[in-house]
Amino acid sequence: MKEAKISVIIPVFNEELNIGTLYARIKDVFVKFDVNHELIFVIDNSRDASLKIIKELAIKDPSVKYIDFSRNFGHQVAVSAGLEYCSGEYVVIIDADLQDPPELIIDMYEKINKGFDVVYAKRRSRKDRSVVKKAAYKLFYKILAAISQIEIPLDTGDFRMMKKNVVDELLKMQESNKFLRGQIAWLGFNQTYVEYDRDVRAAGEPGYTYYKLFRLALDGIISFSNMPLRVATIMGFFVFLLSLIIIL
Ligand code: UDP
Ligand code: MG
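Since the model is a prediction, treat every value here as computed from it, not as a measurement.

Calculation rules
Here the residue numbers are simple positions, counted from 1 along each chain's written sequence. As they are written, the chains are lettered A onward and the ligands numbered 1 onward, keeping that order. Whole-chain, interface and lining totals are the exception, using all residues; otherwise, since this is a predicted model, local features are given only for residues with pLDDT of at least 70 and side-chain atom pairs are given and counted only at 80 or more. Only hydrogens and water are set aside; all other atoms, that is, all heavy atoms of the structure, feed into the side-chain values. Helix and strand definitions here come from DSSP, where helices need a minimum of 4 consecutive H or I residues and strands a minimum of 2 consecutive E residues; each element is numbered from the N-terminal end. This radius of gyration counts C-alpha atoms alone. The globule rule is 2.2 Å times how many residues there are, raised to the power 0.38. Burial status follows relative accessibility: with a 1.4 Å probe on protein chains alone, a residue under 20% of its type maximum counts as buried, one over 50% as exposed, and anything between as partly exposed. The contact criterion used throughout is that any non-hydrogen atoms of two residues lie within 4.5 Å. The Shrake-Rupley method, run with a 1.4 Å probe sphere, supplies the accessible areas, and residue values consider only the shown protein chains as cover. Note on donors: an N, O or S atom is included if it sits within 2.8 Å of the metal, or within 3.2 Å for Na, K and Ca, and water is never included, so sites can look incomplete. Nonpolar side chains (Val, Leu, Ile, Met, Phe, Trp, Tyr) are joined into patches within 5 Å and like charges within 9 Å, using only residues with over 30% relative accessible area and no salt bridge. Each reported salt bridge corresponds to a side-chain nitrogen of Lys or Arg within 4 Å of a carboxyl oxygen of Asp or Glu. Paired strands, in this sense, are two strands between which DSSP finds at least two bridges. Nearness is judged by heavy atoms alone; a residue qualifies as near a molecule or strand once a single heavy atom is within 4 Å of it. Here a polar contact is recorded for every N or O atom pair within 3.5 Å, except that within protein the pair must consist of a potential hydrogen donor and a potential acceptor, and residues adjacent in sequence are included only if both atoms are side-chain atoms. By nonpolar core we mean a set of buried residues, namely Ala, Val, Leu, Ile, Met, Phe, Trp, Tyr and Cys, connected to one another through side-chain atoms within 4.5 Å. For Phe, Tyr and Trp, rings pair up if their centres lie within 6.5 Å, where Trp contributes its six-membered ring, and each pair is then called stacked (planes under 30 degrees apart), edge-to-face (over 60) or tilted (otherwise). Throughout this description, the term charge over a ring refers to an Arg CZ or Lys NZ atom that lies within 6 Å of the ring centre and within 35 degrees of the ring normal.

(A) Looking closely at the overall build of the protein chain. A tally of regular secondary structure across the protein chain gives nine helices and seven strands. Over its C-alpha atoms the protein chain spans a radius of gyration of 20 Å, differing by no more than 12% from the 18 Å that the globule rule assigns to 248 residues. For the protein chain, the spread of C-alpha atoms along the principal axes amounts to about 80 × 40 × 35 Å. The buried share of the protein chain, taken over its 248 residues, is 48%. Contacts spanning at least 24 positions in sequence make up 81% of the contacts within the protein chain whose residues lie at least 6 apart. On the protein chain, roughly 13,000 Å² of surface is accessible, and the fraction owed to carbon and sulfur atoms is 60%.

(B) Broad picture of the coordination of the magnesium ion (ligand 2). Only Asp97 (OD) and Gln99 (OE1) from the protein reach the magnesium ion (ligand 2) as donors, at distances of 1.9 to 2.0 Å. The exposure classification of aspartate 97 matches that of glutamine 99, with both residues buried.

(C) Region of the structure containing the environment of lysine 163. By the element assignment, lysine 163 lies in strand 6 (residues 156–163). On a C-alpha basis, the gap between lysine 163 and threonine 21 in space is 26 Å, while along the polypeptide they are 142 residues apart.

(D) Representation of a nonpolar patch on the surface within the structure. A cluster of nonpolar side chains, contributed by Ile234, Phe237, Phe238, Phe240, Leu241, Leu244 and Leu248, occupies part of the molecular surface with about 760 Å² of accessible area. Tracing the backbone shows leucine 244 in helix 9 (residues 227–247).

(E) Structural view of the pairing of strand 5 (residues 118–126). Of all nine residues making up strand 5, seven are buried, and the element is well covered by its neighbours. Pairing geometry for strand 5 and strand 6, over four bridges, is antiparallel. Paired with tyrosine 120 across the strands is arginine 160, a residue of strand 6. In the sheet, strand 5 pairs with strand 7 (residues 191–198) via eight bridges, with the strands oriented parallel. When the bridges of strand 7 are listed, alanine 121 appears paired with valine 194.

(F) Focus on the site of ligand 1. In the neighbourhood of ligand 1, 19 residues make up the surrounding shell, with Glu15, Asp44, Gln99, Gly207 and Lys212 lying closest. One of the backbone nitrogen or oxygen atoms of glycine 207 is found 2.5 Å away from an oxygen atom of ligand 1. Contact distances for ligand 1 include 3.0 Å between an oxygen atom and a backbone N or O atom of tyrosine 208. Bound to the protein, ligand 1 loses 96% of the 530 Å² it would expose on its own.

(G) Representation of the pattern of salt bridges within the structure. Inspection of the entire model under this criterion finds 14 salt bridges. Here lysine 27 and aspartate 61 are joined by a salt bridge, their closest N and O atoms 2.9 Å apart. Placement of the pair is lysine 27 in helix 1 (residues 19–32) and aspartate 61 in the loop between helix 2 (50–60) and strand 3 (64–68), with a sequence separation of 34 residues. A salt bridge links arginine 201 to aspartate 97, with the shortest nitrogen-to-oxygen separation between them at 3.2 Å. Residue arginine 201 is located in the loop between strand 7 and helix 8 (210–224), and its partner aspartate 97 is located in the loop between strand 4 (90–93) and helix 4 (104–112); the two are separated by 104 residues in the primary sequence. Aspartate 97 shares its class with arginine 201; the two are buried.

(H) Spatial organisation of the nonpolar core. By size, the foremost hydrophobic cluster in this structure holds 35 residues, and its most contacted members are Ile6, Val8, Ile10, Leu39, Phe41 and Met161. Counting residues in hydrophobic clusters, the runner-up holds 22 residues, among them Ile9, Ile67, Val118 and Met173.

(I) Seen up close, the packing of aromatic side chains. Using the criterion set out here, one finds 10 aromatic pairs in the structure. With 5.3 Å between their ring centres and 80 degrees between their planes, phenylalanine 69 and phenylalanine 73 make a pair best called edge-to-face. Since its relative accessible area comes to 13%, phenylalanine 69 is described here as buried. Taken together, the aromatic side chains of Phe30, Phe33, Tyr90 and Tyr109 make up a single cluster linked through ring pairs. Positioned above the aromatic ring of phenylalanine 73 is the side chain of arginine 71, whose terminal nitrogen or guanidinium carbon lies 3.8 Å from the ring centre. Directly above the aromatic system of phenylalanine 13 lies the positively charged group of lysine 212, at a separation of 4.5 Å from the ring centroid.

In structure tokens:
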């Protein structure tokens, strides 16, 4: 019976080589378990044929919808636009490069219906990143855990399923610099996880450059800890003291 609807949000930045396979694999998932669904592609101003491919899919398949950005706003903004636009009782966020296996949606759906509001995907292992990126990620999560007031689950990205009530609360948060996985942890609710092995990107180049990752890390730290603010205050005080001494 088709009682519920699942919205799948897919941020896309230059993913022309992956969209076909991704679409086929997601559709396979929905063949296996018969629920209503919509696929919302948010095209973060791709410079390749991503938009064209998705437009063609949308003509053939009414469950395919898309948003086309006027410029590259970044992954977190793309996901947020999808969240605003979606209409399902269940919402999935998934990367377009097949690093997040769509088949896990089935496990998430089973688990969320055992009394949870959020089921995030936790990486058992990951082959995706360079040694430097892995080390940087570890360090970032260590810093965040040490200084933030809330507990953000380790080894998770934004790949997850949420119920609509969580999405509604998330959308009320007017953060201009978004760090969704942290915001969702902050919201509370009943959260759990399913584990998976994270694959390498299927094709194409990562859209998250070192600079974009650094910005995301900074947004995470600034949004979830008042440590930077305290450091600034203390530094201001020292500068004040120093000036006083110099004046005297
Ligand atoms: N992405 C996006 N805008 C960007 C960078 C990336 O929408 O500016 C999308 C990208 O197409 C993919 C997801 O966000 O679906 C994750 O990006 P990527 O695979 O480059 O990140 P990584 O896996 O290295 O964290
Ligand atoms: Mg990726």
